Structures are given as C-alpha cells and as structure tokens.
Amino acid sequence: MHLRPEAEEFLYSISKEKTLHKGEVLIRQGQVVKKTFFVTAGCLRSYCIDKNGKEHTLLFAIKDWWISDYIAIHTDELATLTVECLSESKVIEFNAKELDGIHTRFPEFESYQRHNLERHVVSLHKRILNQLQLSAAERYDLFLKQYPDIERHTRNYHIASFLGITQESLSRIRAEKAKK
Amino acid sequence: MKALQVIKYGDIKDALAFNEVSLPTIEANDVLIEVKAAAINPIDKGIILGNLQALLPLPLPCTSAYDVSGIVVEKGNEVSHFEVGDMVYSRVPQEQMGTLAEFVAVTSVAVSKKPGNISFEEAAGIPLAGLTAMQSLEASGLKKNDRVLIHAGSGGVGSLAIQYAKAQGAYVYTTTSTSNLAWVKELGADRVIDYKTEDYKTIAKDVDIVFDTLGQNHSLEAFEVVKQGGIVTSVVGPLDEATAKMFGMTDYKLPEELAKASRDKGAEYKFIFMHPNGSHLNEMKTMIEDEKIKPIIDKVYTFSESIEAFTHLASGRAKGKIIVKMC
C-alpha cells in the first residue's frame, strides 16, 4: 500500500512497536480492550476459556496478521478472548479507536482496511465451512498449509483446540500421516 | 462466604459443617482465588478424624482441604506473576488451608497458572498428589532407565507417580488390585502387579527406587526388593531422622528394624514431606499440556455434597481423585 508521508507520519504517531516475550499476555479475558496489534514477527494466539476452564483457540496470528478481541472492540463489551504471545514476537500496537479515525483523514487507507477485512471474512467463512464439512485429518492438512511453520511455536493442545479435536485425535492423525 | 469446616474431631458426619465465614484477607504476596473446584485427600480425612493433632495442631473450627483451582480475583501489592482473571491451581500452604470455600487466599509462590487443556475439576486433583509424586521421585534421584517400584498405582499419588516416572524414561513396576489392572496399565506402567494374585517381591527385584505410598509393612519390605545402594522413599512410613529434626524431634531415631534393613542393603531410607511449590506446579502444567500426565478423576461432587465426598474418601475405594466443584 502506498501512503502519503502525512498518512505514514500519522500512523507512526498512533502506534508503538513492541517486542514480546513468550507467554506475555496482551489481552486478558474480562478486561476492557482498546488495542489492536499488527504482527511483524513471531506468533500470537487468541483463545477463549470456557466455563469449565478449558482453552479453545480462535486464531493464530503470524507475520502480517492482525490480532485483538474484535468482539470487545466493536461491541464495547469486556474481552471474551485472551491474546498471548507464543514465541518471541514483534508487533505494532495501535489504539483501535485512533486507527479507526484514520479513514476520515486519509481515505486511501480505507481500501487497505477493507481489503484486510475481506481477507479476514474469507478466512473465517472458510474456517466455519471446513469445520462443518471436512474430516479432522483434512482440517489438519489445511491448517498446515495455512500455517506452514507454526508447529515450532505452538503446543499440541493449541492446535487440537483450534481444530476442535482432542489431543489424542491429533496424535493419531499425525501418526497416520507419518505412516503415509 | 460459605465454607465447609471441621468443627470437632471425630466421625466425618459429626465433624463437618457448612458455615458462613468472613472473606479471607490477602497479604502483599497473596492472591485471592475464587474457588472453582477443590480436591480432597487422605490428609484431610486424617485431620477430621483427629489423627494428625500432634503434628498439625489446628484451632477449630477450620476450613477443610488444600487443593484448589480457580480464578484470581484480587492480588497483593507485591504479586507480579499473576493478574486478576488468571486461571490458577495450587496446593495451599498449611497456614492458608481451607479450599472448600468460595474463596481462598494463597501466597503467590504456591500458585501456578493451571494447564489450559484441562478443566478446573481435573486441575484441582493435581496439586497435592502431583507435588508429592514429583518431589518424591526427584528426591530419589530418578533418571532415565531407572527401575522403580511404585506402590498403589491406582491411588491419587501412585497414578501420577507412574506417569511422572514414565515421562522421565524409567521402567515402572506398580502394584494394584485385580479390578484396577487395566486402567493402571493404560497409565504407562511397564509391569502392573496384581497384589491379590502375585507376590510383588518376586517380580520387582533389585529395583533402583521403591516409592512407598502405603507404609506399614511395605516400608520395611521395600528393602527386600531395592538394589544394593538403592533408595527407598516413603510418604507414609516412619519419619527419617532429618525430617524428624525439622519438626524439632531432635532425639528421634529411625525404628531399629528399618535402620538395620537400610544398613544391610546400603540403601537409603528417605521420608518426603511434600511442600507447596508454584514452580513445580508450573513444570507439571507443561507436562499436562504435553499429555505426559493426565489427571485421573474418580468422582465429582457439588459443594453441597462435600460431606458425602469425604465419606467416599473414607471408604478407600476411590480410583483417582475425589473432586468438589463449587458451582
């Protein structure tokens, strides 16, 4: 995306580069959410914790992905998600409301944001459809294509809960793949 | 808040009562945990029956139990590793005992974030038994390829000890009754010995470590199966002299029979007194998330059924942990 110098300057003024350590929590379930993060290196994960205390992974964010709790940001509710850093990562942190304001000042940014949003909606729809119609093994294959390098950052239960399967099933799928 | 309290020593049904008590206050290093689940252990039963009055003199009434999982709802000024909202688990220290309540205050060094892949109920069953297993086997110097005998593989401590020892690469013998053989085998034990039909002393010979979770004659018999120079670690047998000194019993001597067996075999006898430790629980969290250790739950009771939970514990028939959930 080509930005005018003033737009670039504005982006710098409302953002902050951050280096994160493994395990660092950026958003915690139950808190007010004001920030959104653009990942420039590493890997982050958003997840919810159900009433029994188990984690369910919603999203992994790698380089060039955005991550936050958008439900909380767009509904002014408290966070239902926790966002944590899975490996040493770099992000650019934005105040979500300030970032929203960029469209009125710099319309060229609108098409970039719209494109991001479209990509995000496509990804979510694919994830729902895959969940509805594919086998666990097929979903795992697609997951590896979508996140080719992610297994070095993640724990098995992160992936199992993203795919909606048990850790035992994931181990079985991996063992069957290894045989082929 | 509501709490299940020991109001007098004796029979479970007479000794326990649900009382309204004040919310615990926190010190600078404490977190206040909203209890989601608690686990009960044989030590809790021992306290209720009054068997531990000499070792643990407690002012009555006192709230029961040590194991907890829940959510941090408040933290002291000096707590840096936890935030309000964190899901945690702990074996609370003696002076903060009382997890069968809506809230419990716990020093943050005894707390760890709970494993993310298991429920509050499963997590509550880990701390006391898990720390006992881990600290006992660590103190025994357990290493890869060691041959270890773990008594009572179906018990709360035994079932976790088997999994911990297997995760370290040991060869594990364990004893259990006929009805438990299959599921104890599934925990990973290499040789499950049916004590009703087999003599473990003829099967587990010259082992590097005996982990005694039964006491009585098993502490002494351990020296028949441990190798020359091996180690016998007990959590229920007689105190060793170092532990006795810790409790101010300076004249204490190991029972002569045990001391002689230990001398004859050149094998050390160690008594392990489990200590609350958040870092150890954090290590266990990783092992649980990596599925090297799985919690084994016998039954989950609601808070209002807590007294029944203790009756079940007293029956001695539990296979795994007995849990009380708060809601």
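Computed from a prediction, not measured in an experiment: that's the story for all the values here.

**Quick word on the interface of chain A and chain B**
Thought 1: Contact residues are listed per partner, giving twelve residues for chain A and 17 residues for chain B.
Thought 2: On the chain A side of the contact with chain B, Arg28, Arg155 and Gln167 of chain A bury the most area, a combined 38% of that side's loss.
Thought 3: Joining chain A to chain B, the criterion identifies four salt bridges.
Thought 4: Put simply, Glu168 of chain A and Lys294 of chain B hold a salt bridge, and the shortest N to O gap is 3.3 Å.
Thought 5: Counting across the interface, chain A meets chain B through eleven residue pairs in polar contact (both at pLDDT 80 or more).
Thought 6: The residue makeup of the side of chain A that touches chain B, split by class, is two nonpolar, four polar and six charged.

**Structural notes on the sheet that holds strand S6 (residues 66-67) of chain A**
Thought 1: Overall, antiparallel pairing links the four strands, which are arranged S1-S8-S3-S6 (chain A) in an open sheet. Looking at strand neighbours, the two that pair on one side only are strand S1 (15-20) and S6 of chain A, the edges of this open sheet.

**Observations concerning the domain arrangement of chain B**
Often, the extent of an interface is quoted as the loss of accessible area upon association of its parts.
Residue and element names in this part refer to chain B.
Thought 1: By domain assignment, chain B separates into domain 1 (2-126 + 295-325) and domain 2 (129-271).
Thought 2: The C-alpha-based centres of domain 1 and domain 2 are spaced at 27 Å.
Thought 3: The interface is formed by nine residues belonging to domain 1 together with 13 residues belonging to domain 2.
Thought 4: Contact between domain 1 and domain 2 buries roughly 780 Å² in total, counting both sides, with carbon and sulfur atoms accounting for 66%.
Thought 5: Taken together, domain 1 and domain 2 are joined by zero salt bridges.
Thought 6: On the surface where domain 1 and domain 2 come into contact, there are three residue pairs in polar contact (both at pLDDT 80 or more).

**Digging into the side chain of Thr63 of chain B**
Residues and elements named next belong to chain B.
Thought 1: On the secondary structure map, Thr63 appears in strand S4 (residues 62-63).
Thought 2: For Thr63, a relative accessible area of 12% gives the class buried.
Thought 3: Within the structure, Thr63 has its side chain in polar contact with the side chain of Gln5 (distance 3.1 Å).
Thought 4: Excluding its chain neighbours within four sequence positions, the residues that come into contact with Thr63 are Ala3, Leu4, Gln5, Met97, Gly98, Leu100 and Ala101.

Parameters at a glance
Residues numbered from 1 in each chain as written. Chains lettered and ligands numbered in written order. Predicted model: local features only at pLDDT ≥ 70, side-chain atom pairs only at ≥ 80, totals over all residues. Heavy atoms only, no water. Contact = heavy atoms within 4.5 Å. Buried area = accessible area lost by both parts, 1.4 Å probe. Salt bridge = Lys/Arg side-chain N within 4 Å of Asp/Glu carboxyl O. Polar contact = N/O pair within 3.5 Å; in protein donor to acceptor, adjacent residues only side chain to side chain. Nonpolar A, V, L, I, M, F, W, Y, C, P; charged D, E, K, R; others polar. Pairing = 2+ DSSP bridges. Helix = DSSP H or I, 4+ residues; strand = E, 2+ residues; numbered from the N terminus. Domains from an automatic or database assignment. Buried < 20%, exposed > 50% of the residue type's maximum accessible area, 1.4 Å probe, protein only.

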